[in-house]
Each structure stands twice: as structure tokens, then as C-alpha cells.
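Structural overview for review
What follows is each chain in one-letter form.
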Amino acid sequence: METTTVLEQKDKTKKSDIKKSFPVTGMTCAACASSVESILSHTEGVNNAIVNFASSSVLVDYDENVTEEKLQNALRQVGYDIIINAEDPSEVQEELRQKHYYDIKNRTIWSAILTLPIFILGMFFMHWEPGKWISLVLTFPVLFWFGRSFFINAFKQAKHGKANMDTLVALSTGIAFLFSVFNTLFPEFWLSRGIEPHVYYEAATVIITFISLGKLLEERAKSNTSSAIKKLMGLQPKTLKIIEHGEEKEIPISSVQVGQTILVRPGEKIPVDGEVSKGSSYVDESMITGEPVPVEKSGGGKVFAGTVNQKGSFQFTAEKVGGETLLSQIIKMVQEAQGSKAPVQKLVDKIAGIFVPIVLGISIITFIVWMLVGGDDAFAQALLTSVAVLVIACPCALGLATPTAIMVGIGKGAENNILIKDAESLELGHKVNAVILDKTGTITEGKPLVTDIHWSENNKDTKKYKQILLAIEAQSEHPLAEAVVNLLKEEDIEKAEIASFESITGKGVQAEIKDGSKYYVGNHKLMLENNIQIDASLMQTAESLEEQAKTVIFFANEKQVLAILAIADKIKETSKKAIATLQERGIEVYMLTGDNNKTAAAVAQQVGITNYQGEVMPSEKAAFVEKLQSEGKIVAMVGDGINDSHALAQANVSIAMGKGSDIAMDVAKMTLITSDLQTIPKALELSKKTVFGIRQNLFWAFIYNIIGIPIAAGVLYPVNGFLLDPMIAGAAMAFSSVSVVVNSLRLKRIRL
């Protein structure tokens, strides 16, 4: 198969090399993924390692001399692990992921429960002495049990000489806690110097709770990413029926071998790839081609794993089994496409990497300067000012800047029939400059409909013939017959009685009614073979309809054609306008379809697309996305079928049509609840407005730090003797958080 060839070309590893995916445990942030990748890549005998943070897995390319235990030990030394020697590693990984999710959920809930009384005591009973002790007792588990992951991750980052959001959280909460403990245990130290000994337990616990909630939401979104792979795997049945020595025998799919004869009954999924040896049927291949019309299969016809047999039974010879089937290749390519994009390190983490050392530096310099120039109360002032610097630089506003804007943006999207599954796509959407559209179910309705019906001018009894046509098509197994039946049923037509019925493979059907007269429904070839006369005007109409890429069906009696019917996948009314809107914004629009080139050209012309391709395989769609990305384009892929899943995973922004397959919706980062393509420009506009909101939030978060940190450090003291109390620093920090949330809520009022 062509797909296999593409994969073979991509796989440049030596025959002696092993390429294997392992589930990873212990990763909590994008920086962890980077560490795992770096450690494995630098392990002797490893050629390459690619971590997929979303699915918590690593694809390792290593020499055959390297043992799995060696890879495991390399990671265990730095606090991570990989699952080896498991019967089903993905199942073990799923159990661990679920456990990790519930662990974060419980920690967040308990943090919130314990933080509430601390917050009430800190805000409204700050001078009540027993309140300080109650807060101390309640704060300890919030920080060092339910919030321990922040301190552990900060330590891991420090070991690698890095800093991220966790570092900022650990430092600010840890120092606020230690300062508060000192003030609780030794208030006389400050009282003797005429200073009120404030405590900041509520500031520390509120930060832990808020940021834990953000981690919970992130983990929830992450846990859904692997469901697409699970559903793709579910397309393959667990058992199959083979014919051995003339007898039927059921075996597990893992036992099937190339060359065995497999039996498939109506409605069953085809288990492996092969060639039909006996019988015939129609097979739904939409998972490969995306096309809604089932394909006829008879002797010599190729069938593929995961496709669904319709009405007939047949036997086929297994040609590709296990990981060689086209379905397995699609699963493998989706996994690789998801893993090939390293997760974008959060903007806040990048900022924190610079911000943390600067704040620490300012705090230390502040302490040193005050120790040198502070006079009699040098130590007290040095301690107060350095703590005030750390408290005012607290990451609450920074931590809220992105998630609050994104949460409001996601809510606004839902109001406009746009479901957004991850923040990355919302952040990237405004940069999109190339949109790829699937044809079937995206630009078109996705189901065959009768678009035209033309009756012969000599026909005097249309109602009678409609009854006969309905009776014939109701018995036909041809997929297009259903479209004709649906049309005639809408007209409340009664069926005529049929005496005999015969299907003519590849041409159509013939039937005889009770009065002995014969009728034919089929293609032009069937008419010619039975010497049936066709009016010149009808033939001209038929040719015109075929030029529009419509399938023409002839209905005739023994002498002449009575009517012609045109069947096509109808273009959605709003598709043309939506495509024009995207093009007006300077976005290039492409159409890719598994349908034939003639149909692709006809549809592209009708909706105003100049860049299109027909007869495209799933792997070729993904390759096209990759090609545009290599040209520097930010690509949005819009599709609705299983065949689009690989391209959706590869794209920068993936959008699924809500009426499409579950797998397409699981792979895509955005789902349009409506089938209206005009929602796509709205989704991109929402991204633009949300990103602008995030930038405003970061501005407000930083403006407080730029103004507040020097004041907290005491720059106004030489001018007017003003020193910022850490309590006021905490209030300023809280106000910066409020301004960020209020600014995010403004997004609710935007119009798309």
C-alpha cells in the first residue's frame, strides 16, 4: 500500500535499531518533558528520543544492544520512570494517568477546603491571636502535603539550573510561610521595634489553591488526548472468523496469519487488510477515504481493517495483519503526529525563567543594602523590605493572566457553537494563514441526495412510475438507492408490487411487476445493453449533470428511458460565504478530498477555491499539512472523518465538524457544534481577541511588579521615609489579581 511506502521512506533507522514507545511517569510540566527527552537522548546507545507530554509517552530510537532496563534506570536517577515489560503498557499508563488526575483533584479540593477558613481569618480577624495559630496549623498541610508538587518540581528545576512557574510559587509561598511562622512564634521581635507582626498564611494558601486548580484543568484536558487513539484501536474487532478445512472457526485477532481465509458477515468490521476471494458486498470505507458512499467489493477487490461491511457476506484472504494493516498505520501516524509537536512552553513559564532570578536578586540586594545603611533597625528593615519584594512579586496575577482569559474565551466560544479543548489552539488561532478543508461533510452535507429528477416528455403517468421506482429501489442493496427511496417517501408515494427482482453487478437492477412488464434502474451501460431508447433532450441533460460531477441514474421500461435522476453530495449553503470571508482576511484556503478529481474540481469551482486536490489518501493529507508548515505557514485543518485524524493531529490548529466521527472530534483541539463553516472565521477572531486579552493581563500583572518592587525595596525611603509594609504588598498583589480577572471578564462582551 502507498501508506506503507510513505512510512518506509520516513523510517531512516538501521535494521539493527529499535524504535519503541514507552509510557512515562513522573512528568508534571513541559519542562519535565524536556528533561526526559534530554536524559534519554544523552544515554549511550540512544539515537533519538521524542516525548509526547500530552499522552505521557516517549518514542525512543535505540541500538539493539541497549536494554529497556538501562533506559529505565537513566530516568529513575532523576525522578522519572518508564513502564517496561507490561502485557499492555497503554492500559497500565491509563490507570496511572487516572490515578494522577484523581490525586490532583483531591489535592485541589482539600486545599480549597482548608484555605477558606485561613482566608476568612486573615482578611477579617487578622488581630485575633488564636487565629494566627489556627492558620499555621491549617497552612502546613496545604503547602507541604497538598501543594508538595510545587516544591518538588521547583527542586527538580533548580537541579537543572532552570526556573519556572513552580519555582516562583514555591519561593513566594515558602518565604511567606516561614516569615509568618517567625511572626507567630516571636511577635516580640517586631513589637519591641514598634512594628506590627503581620502573618501571610492566607496569601500562601490562596496561591497554592488557585494554581492547583489551573493544574487540574490542564490535566483534565491532557487526559482526553489519548481517547482518539483508543477509539481508533476500537475499530478493529478483538476476534474474527476464519475458514479452515471448510469449517468456520473463531480466533483472536492476535492469532491471525497472512494467507488465512476470513469470513465477514453483514454489519461486521473487517479485521485485517486483504483481497476478496468469494462473494460480494458493499463496504463503508469512509474511515479511509472520507467518502459517504459504500464501495462495491467482489472477487479481487481490496478490503481494509476497520472498514464496515454492509449487506452481503464474503470471504477474503488476509494480506496484512497486526501492525502492517492500514488502520494500524493510521494509528501509528496519529501517535507520531501528536508527539512530534513539542508542547509550547507556557509564556508565563518563559517569563518566570527570567523573572524569578531577577526578583531573587532584587530581594537579596535589598537585604544587603538595608543591612549596610539601615542604622539601628538595619536587620528588621532589611528583613521586612526583602520579604515585601518577594510578596509583591507573588505569581498570583501572573498565574491568573493566561488561564482566566482562556477560560472566558472558551466560554465565549461555547456560546458561539465552538468547543475549544486546549489553550494552545486558542492562542495559535489568530496566527493561522492557511486553512485546509476536507470536502465531504465539511464543505458538503456528507450524504448522497437526489439533486435533480427529469421525466421524459412522453411520460403521461408520473405517479404510477414513481410507485414502481420506489418499489425497485427499496429492494436494491446499492448505497445510492437509499437516496432515491428517501426522496420518494417524502412525497408519500405507495410502493408497487414486484413479481421478480435481479441485481446486475456494476450496472444496476431489473425488475418485473405483476402485469409482466419489465423495468430497469441503472447506469448508461445498462440502457445500451438492453437497446433502450433515450430522448435526445434527456441525454443532453444527463451529460450536463455528469459534468457537474453528479452520478446519473436512468429509470426505464423495456422501450424507453422514463426519467433520469442525479445524485450528489450537496454543498452546504454557507460554505461559499465562509470561504470568501477567510480569503478576504488574507488566509489561503485549500481543499483536499479522497473523492475523484472531477468531483473535486466541480465542488472547488462552486465554492471559489483555486487550490484543491482529489483522490488524496489520509497520509497524503498529513504530508500536505507538513509541506505547508515547512513553508512557514500556521495551518488549520478542518475535517470530520477518521481519514482526517492524521492530518488533524499534524496541523497547528485542528478543527472538527461536530456532526463528524468521534475520533476526528477527539483528535481535534476545536469542535464546531454546528455544521456551518462560517463558525471558522469566528473561531479565529475569538483567538485574536483572547490573545489580546492575555497580553493586557500580563501588562497589568507586570505593571504592579515594575512599580511595586522598587517601592517594596524602599526606594522612596530617602525621599519621604516611606517603607512598604509586607501587608500592603500583599494587598497590592491581591489587587493586581482582581484587575486581571476583571479584564478577562471583559471578553464576555465582545462580538464575533
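Residues numbered from 1 in each chain as written. Predicted model: local features only at pLDDT ≥ 70, side-chain atom pairs only at ≥ 80, totals over all residues. Heavy atoms only, no water.

**Observations concerning the nonpolar core**
- Ranked by size, the top nonpolar core spans 41 residues in total, and within it Val-435, Leu-437, Ile-443, Ile-609, Val-638, Leu-677 and Ile-680 carry the most contacts.
- Broken down by element, the residue count for this core peaks at 6 residues, all from helix α27 (residues 679–713).
- Counting contributing residues per domain, this core is built from domain 2 (97–229 + 336–406 + 692–749) and domain 4 (417–444 + 571–686), each supplying no fewer than three.
- When residues no more than four places from it in sequence are discounted, the contact partners of Ile-609 are Leu-437, Ile-443, Ile-579, Gln-583, Val-589, Tyr-590, Met-591 and Ala-604.
- Counting 28 residues, the second-largest nonpolar core is a separate cluster that includes Ile-118, Ala-176, Ala-203 and Ala-204. (Core = buried A, V, L, I, M, F, W, Y, C linked by side-chain atoms within 4.5 Å. Buried < 20%, exposed > 50% of the residue type's maximum accessible area, 1.4 Å probe, protein only. Helix = DSSP H or I, 4+ residues; strand = E, 2+ residues; numbered from the N terminus. Domains from an automatic or database assignment. Contact = heavy atoms within 4.5 Å.)

**Here we look at the UniProt feature "transmembrane region" (unreviewed entry) in the protein chain**
- The positions UniProt marks with the feature "transmembrane region" (unreviewed entry) are residues 108–127, 133–155, 167–186, 198–217, 351–373, 379–402, 698–717 and 723–745.
- Annotated as 85% helix and 0% strand, the span residues 108–127 places its first and last C-alpha atoms 28 Å apart.
- Annotated as 96% helix and 0% strand, the span residues 133–155 places its first and last C-alpha atoms 28 Å apart. (UniProt positions renumbered as here; feature names shortened; annotations may be inferred.)

**Considerations on the pattern of salt bridges**
- Overall, the coordinates contain 20 salt bridges when judged by the stated rule.
- Between Arg-76 and Asp-81 there is a salt bridge whose closest N-O contact spans 3.3 Å.
- What emerges from the salt-bridge pattern is a single network uniting Glu-588, Lys-627, Glu-631 and Lys-633. (Salt bridge = Lys/Arg side-chain N within 4 Å of Asp/Glu carboxyl O.)

**Points about unusual backbone geometry**
- One non-glycine residue, His-245, lies in positive phi territory at about 55 degrees.
- On the secondary structure map, His-245 appears in the loop between β5 (239–244) and β6 (247–252).
- In this structure His-245 comes out as exposed when scored by relative accessible area, which is 80%.
- Of note in the backbone geometry, Glu-615 takes a positive phi value of approximately 55 degrees without being a glycine.
- If you trace the backbone, Glu-615 turns up in the loop between β23 (611–613) and α24 (618–630).

**Section: the pairing of strand β1 (residues 17–25)**
- Sheet analysis places β1 next to strand β3 (residues 57–63), joined by 7 bridges and oriented antiparallel. Across the sheet, the residue bridging to Asp-17 is Asp-63, located in β3.
- Taken together, the 2 bridges between β1 and strand β4 (residues 81–82) define a ladder with antiparallel strand orientation. Bridge assignment links Val-24 to a residue of β4, and that residue is Ile-82. (Pairing = 2+ DSSP bridges.)

**Section: the sheet that holds strand β12 (residues 308–309)**
- Pairing within the open sheet is antiparallel, and its 3 strands lie in the order β10-β9-β12. Two strands close off the open sheet at either side, each with one partner strand: β10 (295–297) and β12.
- As paired strands, strand β9 (residues 281–284) and β10 are joined by 3 bridges and run antiparallel to one another. By the bridge assignment for β10, Tyr-282 is matched with Glu-296.

**Thoughts on the packing of helix α22 (residues 575–584) against α27**
- Between α22 and α27, whose axes approach to 8 Å, the crossing angle comes to 35 degrees. Touching Ala-578, Thr-581 and Leu-582 of α22 are Ile-680, Pro-681 and Leu-684, all from α27.
- Grouping the constituent residues of the contact of α22 with α27 by class yields 5 nonpolar, 1 polar and no charged. (Axes fitted to C-alpha atoms, helices over the stretch in contact; angles between N-to-C directions. Nonpolar A, V, L, I, M, F, W, Y, C, P; charged D, E, K, R; others polar.)

**Some remarks on α24**
- Taking 1.5 Å as the rise per residue, α24 with 13 residues should run 18 Å; its terminal C-alpha atoms sit 19 Å apart, in good agreement.
- Among all positions in α24, only Pro-618, Ser-619, Lys-621, Ala-622, Phe-624, Val-625 and Leu-628 are buried.
- Looking one or two residues beyond α24, the residue adopting positive phi is Gly-632, at roughly 90 degrees. (Expected span 1.5 Å × (residues − 1).)

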